[in-house]
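# Per-entry structural report
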Amino acid sequence: QFPFGRRLPCDIYWHGVSFHDNNIFSGQVNKFPGMMETVRKITLSRAMRTMQDLFPLEYNFYPRSWILPEELPLFVAEVRMMKDSNPSWKPTFIVKPDGGCQGDGIYLIKDPSDIRLTGSIQSRPAVVQEYICKPLLVDKLKFDIRLYVLLKSLEPLEIYIAKDGLSRFCTEPYQEPTLKNLHQVFMHLTNYSLNIHSGNFIHSDSVNTGSKRTFSSILCRLSSRGADVKKLWSDIISLVIKTIIALTPELKVYYQSDIPAGKPGPTCFQILGFDILLMKNLKPMLLEVNANPSMRIEHEQELSPGVFENVPSPVDEEVKVAVIRDTLRLVDPQKKKRKDTHLSFHTYLLIFPTQFQSLHAGIAGMKDKQHKHHSLKLSLKLKFYLKLCQSLEQELPDAPRSAEAALPSLCLKQVFPKYAKQFSYLRLVDRVAALFIRFLGVKGTTKLGPTGFRTFIRNCKLSNSNFSMAAVDILYIDITRRWNSMGIDHKDSGMCLQAFVEAFFCLAQKKYKSLPLHEQVASLIELCECRLAALHGRRLVWGCG
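A short tour of the structure in this document, coming up. This is a predicted model, so every value here is computed, not measured.

## Here's the deal with the overall build of the protein chain
Scanning the protein chain from terminus to terminus reveals 18 helices and 18 strands. Among the 545 residues that make up the protein chain, the fraction classed as buried is 50%. In the protein chain, the share of contacts with a sequence separation of at least 24, taken over all contacts with a separation of at least 6, comes to 67%. A total of about 26,800 Å² of accessible surface is found on the protein chain, and carbon and sulfur atoms cover 55% of it.

## Quick notes on the pairing of strand S15 (residues 298-304)
Here is the key point about a regular strand: its side chains alternate between the two faces of the sheet. The pairing of S15 with strand S16 (residues 307-312) spans 6 bridges and is classified as antiparallel. The partner of Ser304 across the bridge, within S16, is Val307. Hairpin connection from S15 to S16: 2 residues lie between these consecutive antiparallel strands, with Gly306 at a positive phi of about 85°.

## A few points about helix H2 (residues 41-54)
Counting along an α-helix, one turn takes 3.6 residues, and residues three or four places apart therefore face a common direction. The terminal C-alpha atoms of H2 lie 20 Å apart, and with 14 residues this matches the ideal 20 Å at 1.5 Å per residue to within 8%. Within H2, 10 of the 14 residues are buried, which leaves the element mostly enclosed by the surrounding structure. Buried within H2 are the following residues: Lys41, Ile42, Thr43, Leu44, Ser45, Arg46, Ala47, Met48, Met51 and Leu54.

## Describing the packing of helix H15 (residues 450-459) against helix H16 (residues 469-485)
Two numbers describe a pair of packed helices, the interaxial angle and the distance between the axes. Following both chains from N to C, one finds H15 and H16 inclined at 135°, their axes separated by 10 Å at the closest point. The angle between H15 and H16 falls in the class oblique. At the point where H15 passes H16, the crossing takes the right-handed sense. Touching Pro450, Phe453, Arg454, Ile457 and Arg458 of H15 are Met469, Val472, Asp473, Leu475 and Tyr476, all from H16. For the contact of H15 with H16, the residue count by class is 7 nonpolar, no polar and 3 charged.

## What to know about the environment of Ile259
Tracing the chain through its elements places Ile259 in the loop between helix H8 (229-258) and strand S12 (267-268). On a C-alpha basis, the gap between Ile259 and Gly444 in space is 8.0 Å, while along the polypeptide they are 185 residues apart. Sequence-distant contacts of Ile259, defined by excluding residues within four places in its chain, comprise Phe19, Gly265, Pro266 and Cys268.

## Some details on the pattern of salt bridges
Throughout the structure, instances matching the rule amount to 25 salt bridges. Between Glu176 and Lys134 there is a salt bridge, with its nearest N and O atoms 2.6 Å apart. Of this pair, Glu176 sits in the loop between strand S10 (166-169) and helix H5 (185-188) while Lys134 is found in the loop between strand S6 (126-130) and strand S7 (137-138), placing the two residues 42 residues apart along the sequence. By relative accessible area, which is 40% here, Glu176 ends up partly exposed.

## Observations regarding the side chain of Gln256
Here Gln256 lies in helix H8. A polar side-chain atom of Gln256 sits 2.9 Å from the main-chain carbonyl oxygen of Val253. Leave out the neighbours within four places in its chain, and Gln256 touches Ile437, Leu440 and Thr445.

## What about the nonpolar core?
Soluble, globular proteins show a tendency: their nonpolar side chains are buried together. Phe274, Phe453, Phe456, Phe504 and Val521 are the most contacted members of the largest nonpolar core, which has 101 residues in total. Considering each element in turn, this core owes the most residues, 14 residues, to H8. Each of domain 1 (12-63 + 132-335) and domain 2 (426-540) accounts for three or more of the residues forming this core. Excluding anything up to four places from it in sequence, Phe504 contacts Val432, Leu435, Phe456, Val521, Leu524, Ile525 and Cys528. One finds Ile12, Ala162, Val315 and Leu412 within the second-largest nonpolar core, a separate group that totals 20 residues.

## Concerning the environment of Glu526
Structurally, Glu526 is set in helix H18 (residues 517-544). Relative accessible area serves as the criterion here: at 48%, Glu526 is assigned to the partly exposed category. Distance in space between the C-alpha atoms of Glu526 and Arg431 is 9.4 Å, their sequence separation being 95 residues.

## Quick notes on the environment of Arg427
Relative to the helices and strands, Arg427 is located in the loop between helix H13 (420-423) and helix H14 (428-438). Taking the C-alpha atoms as reference points, Arg427 and Ile245, separated by 182 residues in sequence, lie 6.4 Å from one another. Excluding anything up to four places from it in sequence, Arg427 contacts Leu157, Ile245, Lys252 and Phe416.

## Structural notes on the packing of aromatic side chains
Summed over all chains, the structure comprises 19 aromatic pairs. Relative to Phe93, the ring of Phe75 lies with its centre 5.1 Å away and its plane at 90°, an arrangement referred to as edge-to-face. Of this pair, Phe75 sits in helix H3 (residues 72-85) while Phe93 sits in strand S4 (residues 93-97), placing them 18 residues apart in sequence. With relative accessibility at 0%, the residue Phe75 sits in the buried group. For Phe93, a relative accessible area of 0% puts it in the buried group. Between Phe215 and Trp233 the ring centres are 5.8 Å apart and the planes differ by 70°, which places this aromatic pair in the edge-to-face class. Of this pair, Phe215 sits in helix H7 (residues 215-224) while Trp233 sits in helix H8, and the two are 18 residues apart along the sequence. Summarising the burial analysis for this pair, Phe215 and Trp233 share the class buried. The aromatic ring of Tyr192 is capped on one face by Lys212, whose charged end is 3.8 Å from the ring centroid. The residue whose ring lies beneath Arg213 is Phe169, and the NZ or CZ to ring-centre distance is 4.2 Å.

Thresholds, definitions, all that
Residues numbered from 1 in each chain as written. Predicted model: local features only at pLDDT ≥ 70, side-chain atom pairs only at ≥ 80, totals over all residues. Heavy atoms only, no water. Helix = DSSP H or I, 4+ residues; strand = E, 2+ residues; numbered from the N terminus. Buried < 20%, exposed > 50% of the residue type's maximum accessible area, 1.4 Å probe, protein only. Contact = heavy atoms within 4.5 Å. Areas by Shrake-Rupley, 256 points an atom, 1.4 Å probe, with all protein chains shown as cover. Pairing = 2+ DSSP bridges. Expected span 1.5 Å × (residues − 1). Axes fitted to C-alpha atoms, helices over the stretch in contact; angles between N-to-C directions. Parallel < 35°, antiparallel > 145°, perpendicular 65-115°, else oblique. Left-handed = near helix turned anticlockwise from the far one by under 90°. Nonpolar A, V, L, I, M, F, W, Y, C, P; charged D, E, K, R; others polar. Salt bridge = Lys/Arg side-chain N within 4 Å of Asp/Glu carboxyl O. Polar contact = N/O pair within 3.5 Å; in protein donor to acceptor, adjacent residues only side chain to side chain. Core = buried A, V, L, I, M, F, W, Y, C linked by side-chain atoms within 4.5 Å. Domains from an automatic or database assignment. Phe/Tyr/Trp six-rings, centres within 6.5 Å; stacked < 30°, edge-to-face > 60°. Lys NZ or Arg CZ within 6 Å of the ring centre and 35° of its normal.

Structural measurements only, silent on function.
Take a look at the structure:
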């Protein structure tokens, strides 16, 4: 423990919230720059919509979404059109504030006119989605799945999925939404932070029962009913890989801004929480992605009115300790260097924020009754770290064995690049982002200026008699102005990645009119890459000359 910081660099920095918790110049950090912004509900919905435009069938695991307030007229018009074409369609929609968490501000509506158009919708934008009315039920209750995904590397892309997760249950029997039950949050919303306040919430010492269970216990139950659990896992893996592919272009722009290529800096990894809902037909649907999933292994228990204590949660402990332990095993910088057969976990691990440091001192200093509750909290946090350390530093038998042999088998399964061949064709926006980054010009920025956009058009030879440089400027101004008016990011002026992607799609549609959108985009990418490679080759020749 280093209560006052550490002068020497560490191998691994464990930040509490984001990459920018502290200024780090080497080693590994457990957060990617820009991850919190990238997985916000609006940014995620935009990224998924881009992929749905390109590959509608491959990305049908994400509900149809509209951004509020700017797409409210579009939402109203599309719903009216769908109702006119199919009068029997009785939809329900769910409204989620962009920056909300733990179920805060979420509500259900039956009609666009029910949206709460208060001043807060302007200051607190939201996403409205089609509500999934026919979820899979267990014991007549709706539930969702929290799966832990390790993004170990961005370039090259490396993804791991935990073999077990958490199943979080509602606390009232499910009924399809009606005007009478729309406001019953314990029936419709699976958020643990909401349902724990229900009188029906069941804390259990068993991982197979209660209001929070292991996902593996649900799979066993489904398997006993004859469900194809192997296919379900395959569908979930596919959902996770496709979602990460949708997120990586934006992440790469943030990454190059904070850690420019060619300069010394830390490498990053991050544990993400994927919230997934199973439909009645076992089709997994993505609800959201959490950049900072809770790693608590205890829960609050009310002893008497207003008096609570934290008690261990066996379900959380079983899943979360394994996820963190194996994340550290996978990113351990000494792993390749270690030659001795006796396990010695030499990696220095600096944990932020500071309240996790000096736990012993905190506990020792709390002897009076009024501090007992806080002392118990600190004890439980300390217990978590001790459990983690014990897991990483188990004594080996006298017989010579490798360090890995002393630990349980990895709970994290690699899914990428293992299945890269199956999904590489989806990485079109990744290649568009590479073009965007190439022409950014100034290191540390995330916006493309008008000169950079003109240079991109000129170097890729995309202007002609039908598309003059004046038209290029008009395209840049129109798209950039519209995206900036949405209030996405006012830190820098210029064209953000999402605006550049829209402009790129527009250019592809003009040039290859008869092809489907994904073929139009792929053709323009190949043309740009080819012409830029040729230009680079000529410059090398000129340099040698």
